Amino acid sequence: MRHFLDIADISASDLKAILADARAMKMARSGLPKGASDPQEALPGRALAMIFEKSSTRTRVSFDMAIRQLGGSSLVLNAADMQLGRGESIPDTARVLSRFVDAVMIRANAHDDVTEFAHHADVPVINGLTDRSHPCQIVADLMTLQEHFGALEGLTLAWVGDGNNVATSFIHAAPKLGFSLNLGCPDGYTPHEDDLAYATNSGGKVELTRDPKAAVKDADVVIADTFISMGDKDADARLKDLAPYSVSENLMAQAKSGAVFLHCLPAHRGEEVAAAVIDGPQSLVFDEAENRLHAQKAILKWCLVQ
Ligand code: CP
Ligand code: NVA
C-alpha cells in the first residue's frame with residue numbers, strides 16, 4: 001500500500017512519473033467543463049475522505065474536483081465535528097475510516113498524527129499539509145516550473161523567508177529532481193537540520209544563507225510563503241523578523257531577468273510579497289494554484305492504481 005506522506009519517501013522515478021501523469025491528464029481534458037469527468041476515468045467508484053484540522057481553500061477544492069474528474073467521490077470532514085475532536089483515538093479513527101473509504105487525505109496540526117494515522121490505516125493516506133511539510137503543494141509547484149521552463153534539471157530555485165512546511169517539501173524534492181535550492185532565511189527561521197542533512201546526504205544542491213539578496217542572485221525562480229503559518233503564535237515577532245525577507249520588486253530584480261515568482265497562497269500583499277510582484281508578469285501563482293488539481297489527480301492515482 002502506498003501512502004503519500006512526504007516527498008522524501010517517494011522515489012525520484014515515482015516523483016517524475018507523478019509529474020508526467022499530472023501534465024498528461026491536464027492536457028487530455030483541455031477544453032472540457034471543469035465538472036466533466038476525464039476522458040478516461042481512472043478511479044471509478046473510489047471514495048476519498050478528507051479530514052481538516054486547519055482551514056483550506058485550494059487543497060479542499062482541488063482534491064474534491066480531482067476525485068470527481070477521476071470518477072470517484074469525496075467526503076469533507078471537519079476534525080472538530082468528528083469524535084476525533086472529542087478524544088477518539090487516531091488508531092481507531094484510521095481503522096474505522098478504512099472500512100468506509102478507499103483513501104484518506106489529512107490536513108493536520110501535528111505531522112506525527114498523520115504518520116500515526118497512516119500506520120493504522122488499511123487504505124492510502126495523503127498528507128494535505130502538516131506543521132512539518134506540504135508535499136502535495138510541491139508536486140503542483142514543480143509541475144508549474146516544468147510547464148514554464150520545460151525541465152527542472154539545472155534550475156536554481158530561491159526560497160525567501162520562513163523555512164517552513166512548504167520549504168521543507170522543496171528541500172525533500174531537491175535531491176530527486178536535479179534543481180539547486182537556495183534558502184534565504186533569518187536566524188531562528190531555518191528549516192530543520194535533519195531535513196537539510198537529508199537533502200545534502202542524498203546529493204541535493206541546497207544552500208542556506210541569511211542574506212535574501214544572495215539567495216535570489218541568479219535564481220530562475222523566487223518563492224515566498226506567508227510569514228505566519230497556520231498554528232504560529234508569535235505573529236508580531238514573525239512580521240518584524242521576516243520583514244527584510246519580503247519579495248519586493250527590488251529583490252526580484254536581483255534574480256535572473258526571466259525569473260518567475262511562486263507562492264502557494266494564501267498571500268499577504270505588503271508582507272511576504274509586494275503586490276507588484278505577485279500580480280505582475282513574472283508571477284505564476286494562479287497556474288500554480290490550478291495545478292494543484294492536476295497534481296492531486298496524479299497523487300491519487302499513484303496511491304490507488306498499481
Ligand atoms: N496552498 C494551499 O494549500 O492552500 P489552502 O490552504 O487553501 O489549501
Ligand atoms: N505555510 C502555510 C501554507 C499554507 C498553504 C501554512 O502552513 O499556513
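Values in this document were obtained by computation on a predicted structure and should not be read as measured data.

*Asks:* An account of unusual backbone geometry is needed here, citing residue identities and associated values.
*Replies:* Here the bond from Leu265 into Pro266 is cis, since omega is 5°, no more than 30 degrees from zero. Along the chain, the position of Pro266 falls in the loop between β9 (260-263) and α11 (275-278). Within the chain, Asp218 stands out as a residue other than glycine whose phi angle is a positive 65°. Mapped onto the secondary structure, Asp218 falls in the loop between α8 (212-216) and β8 (221-224). Residue class for Asp218 comes out partly exposed when judged on its relative accessible area of 44%. Phi is positive for Leu265, which is not a glycine, with a value near 70°.

*Asks:* I'd love a proper account of the site of ligand 2, names of residues and values included.
*Replies:* Ligand 2 sits among Leu129, Asn164, Asn165, Asp225, Thr226, Ser229, Met230, Cys264 and Leu265. Between ligand 2 and the protein, one listed contact pairs an oxygen atom with a side-chain N or O atom of Asn165 at 2.8 Å. Met230 places a polar main-chain atom, nitrogen or oxygen, 2.8 Å from an oxygen atom of ligand 2. Using a 2 Å cut-off from the grid points, one finds that ligand 2 occupies the second largest pocket.

*Asks:* Explain the packing of aromatic side chains residue by residue, including any values.
*Replies:* Tallied over the entire structure, the rule returns 2 aromatic pairs. The interplanar angle of 80° and the centroid separation of 6.0 Å between the aromatic rings of Phe4 and Trp302 together place this pair among those described as edge-to-face. One end of the pair, Phe4, is in the segment before α1 (12-28); the other, Trp302, is in helix α12 (residues 285-304), with 298 residues separating them in the sequence. Here Phe4 and Trp302 have matching classes, each one buried. Aromatic pair Trp159 and Phe170: ring centres 6.0 Å apart, planes at 50°, arrangement tilted. Taken together, the residues Trp159 in strand β5 (residues 156-160) and Phe170 in helix α6 (residues 165-177) connect sequence positions 11 residues apart. A single burial state applies to Trp159 and to Phe170, both of which are buried.

Criteria and cut-off values
Residues numbered from 1 in each chain as written. Chains lettered and ligands numbered in written order. Predicted model: local features only at pLDDT ≥ 70, side-chain atom pairs only at ≥ 80, totals over all residues. Heavy atoms only, no water. Helix = DSSP H or I, 4+ residues; strand = E, 2+ residues; numbered from the N terminus. Buried < 20%, exposed > 50% of the residue type's maximum accessible area, 1.4 Å probe, protein only. Near = heavy atom within 4 Å. Polar contact = N/O pair within 3.5 Å; in protein donor to acceptor, adjacent residues only side chain to side chain. 1 Å grid on protein atoms, 1.4 Å probe; cavity = no way out; pocket = protein on both sides within 12 Å on 5 of 7 lines; lining within 4 Å. Sits in = over half its atoms within 2 Å of the grid points. Phe/Tyr/Trp six-rings, centres within 6.5 Å; stacked < 30°, edge-to-face > 60°.

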